[in-house]
Structures are given as structure tokens and as C-alpha cells.
Amino acid sequence: MLRFAPLLLALALPGLASAADYAVQPAGSKLGFSGSFQGQSFDGTFGKWTAAISYDPAKVAGSKFDVEVDLASVKTGDKDRDGALPGSDFFNVAKFPKAHFVTTGFRQNGAQVIADGNLTLRGVTKPVSLNVVFKPQGTGAILDVSGAVKRLDFGVGGGDYADTSVIANDVKINAHLVLTAK
């Protein structure tokens, strides 16, 4: 009977069950953003990042995201912008090579799931809320995440680049992750 105790405990306390862990498959996955420069929209992506994903759509409170981004891997398709973004006026990768987002909790807002967390960028940590859409597929899932940050809150493009009529303050975050169960 003692060997069945852990199983009975898990069945009796379903709220304590942990979320499923997922591995991100680089093929088909994207971590991106969009912004505006002189009224023209542009999209960017990060080529190097890691994500630890633990998620249960039935019990989102037990879920967790932990994402670390190599800021030097930014690409927007524009040579000048791609050269400027890692520099000291924007991401300052020499001093702050990584951005880090970790969830502090999840909540339901009607049918929408919101992941609340902290984003650290350029040594500044601020709360960020992201919309989450989780679609199970076979033994894995598709996870789409979206939200927005204000770049000046993190000191990105301050000083001579603080004029929001030239570079918009709002930056949209978007991720499309192909996940497989661990």
C-alpha cells in the first residue's frame, strides 16, 4: 500500500500537478518584434534564444515561461538598422548581451490567457503582460505569444533617438513556437 501513496496523493491533490515541459523546435519557431521608423513599419527577429516552457492549458496557474534572448542576433533586413541595434544607443550588447523574460503568473481574461512576467533589458526590469494562445498538436503544441513594450522604459534608443515621432515608442512582441513534449 505504501508504494501507491504517491499516486493516491497525486490523484487526491490535482491542483498540485505540474504543467507539462516542452522543448522548442527551432525549425518553424520565431521570436520577433515590430516597430516603426519614420512612419514606416518594420519587423525584426532574434536568431539566438532559449526558452524553457512549462504549460498546462487546463491549469495555467502552474505554467512557466523562462526566455533568454541573445540581443546581438537581431535582424531586421536593413543593414543600417541591423548595425545600429546592437550598439550602445539601442541594445548595448557590449554591456547587456541578453534580454530575459520570466513569468510571475498566468491568468484568464475571458477566453484569453495572459502571461504576466518581468522583462529585463539593458539592466532594467519591468513588468510585461503577454497574450498566450496554446494549440495542442499530437505530442506537442503550437504556442503563439504577443504583446507590447515601450522601448524608452528600458532605455532603448534614448538620447538622440528618444523622439517618438521618428522611432515609435511602442514595440510589438510576437513569438510562434513549435513545441514537442519532453
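Refer to the structure above for everything that follows.
Procedures and definitions
- Residues numbered from 1 in each chain as written.
- Predicted model: local features only at pLDDT ≥ 70, side-chain atom pairs only at ≥ 80, totals over all residues.
- Heavy atoms only, no water.
- Pairing = 2+ DSSP bridges.
- Helix = DSSP H or I, 4+ residues; strand = E, 2+ residues; numbered from the N terminus.
- Buried < 20%, exposed > 50% of the residue type's maximum accessible area, 1.4 Å probe, protein only.
- Phe/Tyr/Trp six-rings, centres within 6.5 Å; stacked < 30°, edge-to-face > 60°.
- Lys NZ or Arg CZ within 6 Å of the ring centre and 35° of its normal.

Asks: Residue-level account of the pairing of strand 6 (residues 98–109), with values.
Replies: Both strand 4 (residues 64–70) and strand 6 contribute to a ladder of five bridges, which runs antiparallel. Residue Glu 68 lies in a different strand from strand 6, and its bridge partner there is His 100. In this antiparallel pair of consecutive strands, strand 6 and strand 7 (residues 112–121), the connection spans two residues, and Gly 110 shows a positive phi of 70 degrees.

Asks: Describe unusual backbone geometry, with residues and values.
Replies: One non-glycine residue, Gln 38, lies in positive phi territory at about 50 degrees. Structurally, Gln 38 can be placed in the loop between strand 1 (20–37) and strand 2 (40–46). Residue classification places Gln 38 among the exposed positions, given a relative accessible area of 55%. Of note in the backbone geometry, Arg 122 takes a positive phi value of approximately 55 degrees without being a glycine.

Asks: Give a detailed account of the packing of aromatic side chains, specifying residues and quantitative values.
Replies: Within the structure shown, the criterion is met by nine aromatic pairs. Seen in terms of ring centroids, Tyr 55 and Phe 106 are 5.9 Å apart; in terms of plane orientation they differ by 65 degrees. Their pairing is edge-to-face. Residue Tyr 55 is found in strand 3 (residues 49–55), and its partner Phe 106 is found in strand 6; the two are separated by 51 residues along the sequence. The exposure class of Phe 106 is buried, given its relative accessible area of 9%. Look at Phe 65 and Phe 106: their rings are 5.0 Å apart centre to centre, the planes differ by 85 degrees, and that puts the pair in the edge-to-face class. Placement of Phe 65 in strand 4 and of Phe 106 in strand 6 is noted, with a sequence separation of 41 residues between them. For the pair formed by Phe 65 and Phe 106, the shared burial category is buried. Put simply, the rings of Tyr 22, Tyr 55, Phe 65, Phe 106 and Phe 134 touch in pairs and so form one group of aromatic residues. Across from the ring centre of Phe 42, 4.0 Å away, lies the NZ or CZ of Arg 81, which sits over that ring.

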